[in-house]
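Residues per chain, in single letters:
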Amino acid sequence: GVRAVAWDVPLLLETGWSKKVDEVWLVRISAEEQIRRVMLRDKCTEEHAKARIASQMSTDKKQTYAKIVIDNSGTVEQTLSQVDKEVKELLVRANN
């Protein structure tokens with residue numbers, strides 16, 4: 001009876017786990033905001049945040065694998081609204 005399962009895996013593409021899913025969704029923010037959030041989360045310098053981000057696949061490259069791209073640059077409500085819309089569309093696809 002399960003129509004869909006979601007995995008929240010930050011390094012889905014880097015680990016190769018994307019081969020185990022039907023769709024890849026990407027949550028995207030600007031590079032500047034990504035740096036700011038890493039600095040806030042990890043309590044680190046800008047240089048450390050940039051190095052950490054640089055060690056991962058670029059967001060632009062990740063986007064080439066994504067079926068759905070969620071813009072996370074707005075408010076939480078705006079992001080959740082996009083997710084809700086995409087989940088509804090996913091469930092329609094899952095029923096077909």
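For the structure itself, consult the block above.
The following paragraphs examine the structure supplied in this document.

**Digging into the overall build of the chain**
Alright, step 1. Counting its regular elements, the chain contains five helices and two strands.
Alright, step 2. Each helix and strand of the chain, ordered N terminal to C terminal, gives the series α-β-α-α-α-β-α.
Alright, step 3. Overall size of the chain, expressed as C-alpha extent along the three principal axes, is 50 × 30 × 20 Å.
Alright, step 4. Looking at the chain as a whole, 22% of its 96 residues qualify as buried.
Alright, step 5. Put simply, of all contacts in the chain between residues at least 6 apart along the chain, 58% involve residues at least 24 apart.
Alright, step 6. Counting only carbon and sulfur atoms, one obtains 54% of the accessible surface of the chain, whose full area is about 7300 Å².

**Re unusual backbone geometry**
Alright, step 1. Within the chain, lysine 43 stands out as a residue other than glycine whose phi angle is a positive 50°.
Alright, step 2. Here lysine 43 is to be found in the loop between helix H2 (31-42) and helix H3 (46-54).

**Brief notes about H2**
Every α-helix carries 3.6 residues per turn, so stepping three or four residues along brings you back to the same face.
Alright, step 1. If you check H2, its first and last C-alpha atoms are 16 Å apart, about what twelve residues at 1.5 Å a residue would give, namely 16 Å.
Alright, step 2. Those residues of H2 not exposed but buried are Glu33, Gln34, Ile35 and Val38.
Alright, step 3. Residue lysine 43 follows H2 closely and has a positive phi angle near 50°.

Definitions and cut-offs
Residues numbered from 1 in each chain as written. Predicted model: local features only at pLDDT ≥ 70, side-chain atom pairs only at ≥ 80, totals over all residues. Heavy atoms only, no water. Helix = DSSP H or I, 4+ residues; strand = E, 2+ residues; numbered from the N terminus. Buried < 20%, exposed > 50% of the residue type's maximum accessible area, 1.4 Å probe, protein only. Contact = heavy atoms within 4.5 Å. Areas by Shrake-Rupley, 256 points an atom, 1.4 Å probe, with all protein chains shown as cover. Expected span 1.5 Å × (residues − 1).

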